[in-house]
Amino acid sequence: MTATAPRLGTALVRLLLVTAALLGTLLAGAAPASAHAALTGSDPQDGAVVATAPKDVTLTFSEQVAMSADSIRVLDPSSKRIDTGEIRDLCSGSVVKYGVGLRSGLPEGTYTVAWHAVSADSHPIAGAFTFSIGAPSTTTVALPDQTAGGGPVGVLYGIARYLSYAGFTLLVGGGAFVLACWPRGAAVRPVQRLVVRGWLTLTAATLAMLLLRSPYTGSGELADVFDLAGLKAVLETKTGAALISRLMLLGAAALFVAVLFGAYTKRTDEKEKKDLTFGLAIGGSVVAAGIAGTWALAEHASTGLQPAVAMPVDILHLLAVAAWLGGLTTLLVALYRAPRIERAAVERFSRLAFGSVLVLTATGIYQSWRQVGSWSALTGTAYGQLLLVKIGLVAVLVGIAWISRRWTQRLGDPAPHDTGDATAEADGSDRSEDGSDGSDGSDRETSAATTEPGEGNEARAGQGEAEQEAPAPATAKPARDTGTSTSTSTSTSDADGTHGAHGDAEAGTAEAAQGAGPRDDADEPPTAVDPERAAQLARQRTAVATATRKRDRDADPERAGLRRSVLTEAAIAVVLLAVTTVLTSTEPGRTEEEAGRTQPTSGAAAVPDRPVDIRLPFDTGGVDGNGTVRLTLDPGRTGANDLHIFVERPNGRLLDVPEIKVAFTLKEKNVGPLPVLPDRIQTGHWSATGVQIPMAGAWQIQVTVRTSDIDQTTIDKNVKIG
């Protein structure tokens, strides 16, 4: 019968629709918050022109940041540092402000402020701006093009972050798969190697992040990796404490792995094994939650809106990801490398994965609301766009998982004789795939041939498997030695269809049988088997048995379909994990929008660095009380500007009015109103020179027009200047 891929039903569509509805409800009702530090203000402001030199420079941030001795540098036009180098903490209540003093006697010119810090969620931030004393000037300051956390160090740190997530997923997901779904898998060598490699990867990645942390948040130089002073400074930070805690918990995880693949596999008493399973489940859950907590402690969940709720939610999210994707990887290894896996184990994992997806959905919706906050941030920020990609990948992954579930329902259980010892089967399979021609293999197989106690389990299992699958003919005489029994089983295996690559094994075994031959116990003493020849025969038996098992396993179309769908899931999971890693180092959309709101956003009637030219209709209500005011501001940027005002009648002719007054207000910075009294040049034309615009922003221009002693009105418009 030909197996066909199952069709998608409506259950998955309904689940996705419900998820989308919940996500929309939460995003629609979001309230402001932040979770990634941003510069919200400075004194002097960016682009400001001040009349006298300030005594200091202060920076205001949206949340708490960590500052070092050189976090704020002020450079003169010739690129010389003119600050005192002493960072002052000016924080008060909810206001996060830091400053640095300036030297006295600074000349006129343009000065550059370069700053860098580490936000409360462990990510480095940096920036620069300029201000001028007296009047702007040229500057020779050359700031590095490398962004905060960029360069080779940033790439290496990002790779270490990805590997740490991958290692955690394999370690936790593999252990959960064995305990909850496939206890017999604890004795399967490929599964053991997968989990151990997950532990090694997570440990190595954590050590790398600890060493790279100082240059990642500071100099950006790879040579500073082994700077002991920098490492000491890192250990005193929240991120350093989290990484050290993770290493300590990995020590406990190593003990868990040793017991799981050691004492647990040797337990034969059902009650003892059940008790040990319970203990491993509790202990492993505590250690896994602790390791997940090291991420929650140092990253987005630890700051911003509702950290007391966000941190436990983040831990649950990480554990659900590990249980699903790590278990999926373990299942893939079992399907491809282990001799067989029971249908019941796959069904148990299917239930575990479904529960993990439900937890991921609930926690993911909360995290999306907390970090994004609005529909505009979901589509208009880098974080929101990455989140959409992640949601799409998860949806695809869930769809393929549904197909895998249908393949699982078609699986048949292994034959009764196939439920032997998993360790022997897995070891025999690995030895056949890796090659067994070396001296170590010869020693093991020699031990198997001479049947020394405690050794050669793989060869004996392989021999037993071959004998079960291909029983010797009833007319064959019992053999005295290993060679004779091998001849019978191998020949029968060939009759069942094992040819080609195993022809040498068959011929060699037959030759050994002819050489041994049946003999009478009373007439001749037993002849000792050559150890080297016995080792060769044992290897041949193992190869035949492994090939037979692999042939039977691959002949099942349902199992082959499941392997393909699980492999596709695993490939998507790799991409999903990469997107998640990038997402955790990206500024949340909510914070990015908030930072944008602190910048001028009002409607503009002018292009920066070009003259402002606006028209304002007015009506004072009296005789000749209506018309239009045309205002130009040249060059339309910070510093000195020339102001010209023309008052026109509705027919376009100039109107002579008794008085015109102008005021400039920057509401976002609480600057102004700054009054300007223009001079009358001629009928309908008023002018002022040297109008100072101290900083860039969305300025409100108010014009008061008086057309008689009692008739006047004030009109205004927002204009972006600078």
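See above for the structure.
Notes on the structure follow.

1. Considerations on the overall build of the chain
For step 1, the next point in the chain: A count of helical and extended segments in the chain gives 19 helices and 18 strands.
For step 2, the next point in the chain: Expressed as a percentage of its 722 residues, the buried residues of the chain come to 47%.
For step 3, the next point in the chain: Within the chain, contacts between residues at least 6 apart in sequence are counted, and of these 72% link residues at least 24 apart.
For step 4, the next point in the chain: Entry remark: accessible area of the chain is about 33,500 Å², with carbon and sulfur atoms responsible for 57%.

2. Side note on the sheet that holds strand 6 (residues 83-89)
For step 1, the next point in the chain: The strand order 1-3-7-6 describes an open sheet built from four strands, whose pairing is antiparallel. Each edge of the sheet is formed by a strand with only one pairing partner; in this case those strands are strand 1 (39-43) and strand 6. Each strand of the sheet is rotated relative to its neighbour by a mean of 20 degrees, with strand direction disregarded.
For step 2, the next point in the chain: Taken together, the six bridges between strand 3 (residues 56-61) and strand 7 (residues 96-102) define a ladder with antiparallel strand orientation. By the bridge assignment for strand 7, Phe-61 is matched with Val-96.

3. Regarding the packing of aromatic side chains
For step 1, the next point in the chain: If you walk through the whole model with that rule in mind, you get seven aromatic pairs.
For step 2, the next point in the chain: Aromatic pair Phe-61 and Trp-115: ring centres 5.4 Å apart, planes at 75 degrees, arrangement edge-to-face. Of this pair, Phe-61 sits in strand 3 while Trp-115 sits in strand 8 (residues 109-119), placing them 54 residues apart in sequence. Residue Phe-61 shares its accessibility class with Trp-115, and that shared class is buried.
For step 3, the next point in the chain: Every member of this aromatic cluster is reached through a ring pair, and the members are Tyr-165, Phe-168 and Trp-295.
For step 4, the next point in the chain: In this arrangement the basic side chain of Arg-246 is found over the ring face of Trp-295, its NZ or CZ atom lying 3.9 Å from the centre.

4. Let's talk about helix 7 (residues 270-298)
For step 1, the next point in the chain: Relative to the 42 Å expected for 29 residues at 1.5 Å per residue, helix 7 spans 42 Å between its end C-alpha atoms, a close match to the ideal helical length.
For step 2, the next point in the chain: Sitting at the amino-terminal end of helix 7 is Asp-269, which places a side-chain oxygen 3.1 Å from the backbone nitrogen of Lys-271.

5. Notes on the pattern of salt bridges
For step 1, the next point in the chain: Scanning the entire structure with this criterion turns up 12 salt bridges.
For step 2, the next point in the chain: One salt bridge in this structure joins Lys-271 and Asp-275, with 3.3 Å as the shortest N-O distance. In this pair, Lys-271 and Asp-275 are both assigned in helix 7, four residues apart and thus about one turn of the helix distant.
For step 3, the next point in the chain: Under the relative-accessibility criterion, Lys-271 is labelled exposed at 60%.
For step 4, the next point in the chain: Glu-648 serves as the salt-bridge partner of Arg-615, at 3.4 Å between the closest nitrogen and oxygen. Highlighted residues: Arg-615 in strand 10 (residues 612-619) and Glu-648 in strand 12 (residues 639-648), separated in sequence by 33 residues.
For step 5, the next point in the chain: Note on Arg-615: relative accessible area 47%, which makes it partly exposed.
For step 6, the next point in the chain: Overall, Glu-648 belongs to the buried group, its relative accessible area being 14%.
For step 7, the next point in the chain: Among the ionic contacts, a cluster of salt bridges with common partners joins Arg-615, Arg-630 and Glu-648.

6. Examining the packing of helix 7 against helix 8 (residues 307-337)
For step 1, the next point in the chain: The interhelical angle for the contact between helix 7 and helix 8, taken along N-to-C directions, is 125 degrees, at an axis separation of 9 Å. Between helix 7 and helix 8, the interaxial angle falls into the category oblique. Considering how the two elements wind past one another, helix 7 and helix 8 form a crossing that is right-handed. Facing Ala-288, Ala-289, Ala-292, Gly-293, Trp-295, Ala-296 and Leu-297 of helix 7, the residues of helix 8 in contact are Met-311, Asp-314, Ile-315, Leu-318 and Leu-319.

7. Comments concerning the environment of Asp-679
For step 1, the next point in the chain: Within the secondary structure layout, Asp-679 lies in strand 15 (residues 679-682).
For step 2, the next point in the chain: Between the C-alpha atoms of Asp-679 and His-644, which are 35 residues apart in sequence, the distance is 9.5 Å.
For step 3, the next point in the chain: In this view, Asp-679 contacts His-685, Trp-686 and Ser-687; residues no more than four positions away in its chain are not counted.

8. Concerning a nonpolar patch on the surface
For step 1, the next point in the chain: Residues Val-155, Leu-156, Ile-159, Leu-163 and Leu-222 make up a contiguous nonpolar surface patch of roughly 410 Å² in combined accessible area.
For step 2, the next point in the chain: One can find Leu-163 in helix 2 (residues 151-180).
For step 3, the next point in the chain: Under the relative-accessibility criterion, Leu-163 is labelled partly exposed at 37%.

9. Quick look at the environment of Thr-294
For step 1, the next point in the chain: Summarising the element assignment, Thr-294 is placed in helix 7.
For step 2, the next point in the chain: For the pair Thr-294 and Leu-243, spaced 51 residues apart in the sequence, the C-alpha separation amounts to 6.9 Å.
For step 3, the next point in the chain: In contact with Thr-294, not counting residues within four places along its chain, are Ala-242, Ser-245, Arg-246 and Leu-249.
For step 4, the next point in the chain: Separated by 2.9 Å, the side chains of Thr-294 and Arg-246 make a polar contact.

10. Considerations on the nonpolar core
Across soluble globular proteins, nonpolar side chains show a tendency to be buried alongside one another.
For step 1, the next point in the chain: Counting residues in hydrophobic clusters, the biggest one holds 61 residues, and the most contacted among them are Phe-168, Trp-182, Trp-324 and Ile-341.
For step 2, the next point in the chain: For this core, the secondary structure elements donating two or more residues are helix 2, helix 3 (189-217), helix 5 (238-260), helix 7, helix 8, helix 9 (343-371), helix 11 (382-410) and helix 18 (557-584).
For step 3, the next point in the chain: Looking at which element gives the most residues to this core, the answer is helix 8, with 11 residues.
For step 4, the next point in the chain: Within the second largest apolar cluster, 31 residues are counted, among which are Val-629, Leu-633, Val-647 and Ile-701.

11. Things to note about the environment of Ala-176
For step 1, the next point in the chain: Note on placement: Ala-176 falls in helix 2.
For step 2, the next point in the chain: Distance in space between the C-alpha atoms of Ala-176 and Gly-326 is 8.5 Å, their sequence separation being 150 residues.

Here is what the cut-offs are and how they apply
Residues numbered from 1 in each chain as written. Predicted model: local features only at pLDDT ≥ 70, side-chain atom pairs only at ≥ 80, totals over all residues. Heavy atoms only, no water. Helix = DSSP H or I, 4+ residues; strand = E, 2+ residues; numbered from the N terminus. Buried < 20%, exposed > 50% of the residue type's maximum accessible area, 1.4 Å probe, protein only. Contact = heavy atoms within 4.5 Å. Areas by Shrake-Rupley, 256 points an atom, 1.4 Å probe, with all protein chains shown as cover. Pairing = 2+ DSSP bridges. Axes fitted to C-alpha atoms, helices over the stretch in contact; angles between N-to-C directions. Phe/Tyr/Trp six-rings, centres within 6.5 Å; stacked < 30°, edge-to-face > 60°. Lys NZ or Arg CZ within 6 Å of the ring centre and 35° of its normal. Expected span 1.5 Å × (residues − 1). Polar contact = N/O pair within 3.5 Å; in protein donor to acceptor, adjacent residues only side chain to side chain. Salt bridge = Lys/Arg side-chain N within 4 Å of Asp/Glu carboxyl O. Parallel < 35°, antiparallel > 145°, perpendicular 65-115°, else oblique. Left-handed = near helix turned anticlockwise from the far one by under 90°. Patch = residues over 30% accessible without salt bridge, like charges linked within 9 Å, V, L, I, M, F, W, Y side chains within 5 Å. Core = buried A, V, L, I, M, F, W, Y, C linked by side-chain atoms within 4.5 Å.

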